[in-house]
Structures are given as C-alpha cells and as structure tokens.
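# Coordinate inspection notes
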Amino acid sequence: MRERTEEEIKRRNPRWVAPIVVWLASEESGDVTGRVFEAGDGILKIAEGWHAGPGIEPVEDPNELGAKIAELIKQARPNADIWGRDIVS
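Heads up: these notes are all about the structure in this document. (Residues numbered from 1 in each chain as written. Predicted model: local features only at pLDDT ≥ 70, side-chain atom pairs only at ≥ 80, totals over all residues. Heavy atoms only, no water.)

### As for the pattern of salt bridges
This structure, assessed with the given rule, holds four salt bridges. Between Arg 2 and Glu 8 there is a salt bridge, with its nearest N and O atoms 3.0 Å apart. The partner of Asp 81 in a salt bridge is Arg 85, with the nearest N and O atoms 3.1 Å apart. The class of Asp 81 is partly exposed, set by a relative accessible area of 23%. Connected via shared salt-bridge partners are Arg 11, Arg 12 and Asp 41. (Salt bridge = Lys/Arg side-chain N within 4 Å of Asp/Glu carboxyl O. Buried < 20%, exposed > 50% of the residue type's maximum accessible area, 1.4 Å probe, protein only.)

Pasting the structure below:
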C-alpha cells in the first residue's frame, strides 16, 4: 500500500462515512430507495446511476457474438471512473 499524507488519512476517516450510514438506517430516509451514495475522502455524493447503451437482439450462438459486441463497444459511451469521468485510452 502506498503512504498517505496526514490530510489524506483525515479525509478517509470512517467518521465521514458513518453519518450517511446512520441516516440511511433511520426512518427519515424511508422514501430513499435504489440510490448509491459515495461517502468519504472529503465528499458525499449521490451516484446518478447506469445509463442504457446500444443494444442488439439476443444471440443464441456465442461464436457469433465477437463482432457484434465489438460494434456495440464502438457505439457505447466511454467507461467512467469512480468519479464519473470518461476513461479515455
């Protein structure tokens, strides 16, 4: 593991994650469902979920999938990192 600065260690303290966990377990959060929260390291965010990408009709023969999947990947948005930024290769 890499060394962390004192500031990084403070930002990763579980005390910054615990409040959202407690709140999610409370009655106040009863209407919150199907959400993903990112907490810690100096942030509290709500993930905006998955987006449907390009698709095709189902294919029975796996031997036919290679070219079809390659085409779907070309049409799809770039993958995103954990901060929602496009990963550009």
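### Topic: the packing of aromatic side chains
Each aromatic ring pair is characterised by the separation of its centres together with the angle its planes make. Counted under the stated rule, the structure contains zero aromatic pairs. The ring of Trp 16 carries Arg 15 above its face, with NZ or CZ at 4.3 Å from the centroid. (Phe/Tyr/Trp six-rings, centres within 6.5 Å; stacked < 30°, edge-to-face > 60°. Lys NZ or Arg CZ within 6 Å of the ring centre and 35° of its normal.)

### Remarks on unusual backbone geometry
Backbone geometry at Asp 41 places phi at a positive 55°, although glycine is not the residue there. Under the relative-accessibility criterion, Asp 41 is labelled partly exposed at 26%.

### Comments concerning the pairing of strand β2 (residues 43-46)
Here four bridges tie strand β1 (residues 37-40) to β2, and the two strands are oriented antiparallel to one another. Residue pairing across strands places Phe 37 opposite Ile 46, the latter belonging to β2. Two successive antiparallel strands, β1 and β2, enclose a turn made up of two residues, where Asp 41 displays a positive phi of approximately 55°. (Pairing = 2+ DSSP bridges. Helix = DSSP H or I, 4+ residues; strand = E, 2+ residues; numbered from the N terminus.)

Keep in mind these values describe shape, not function.
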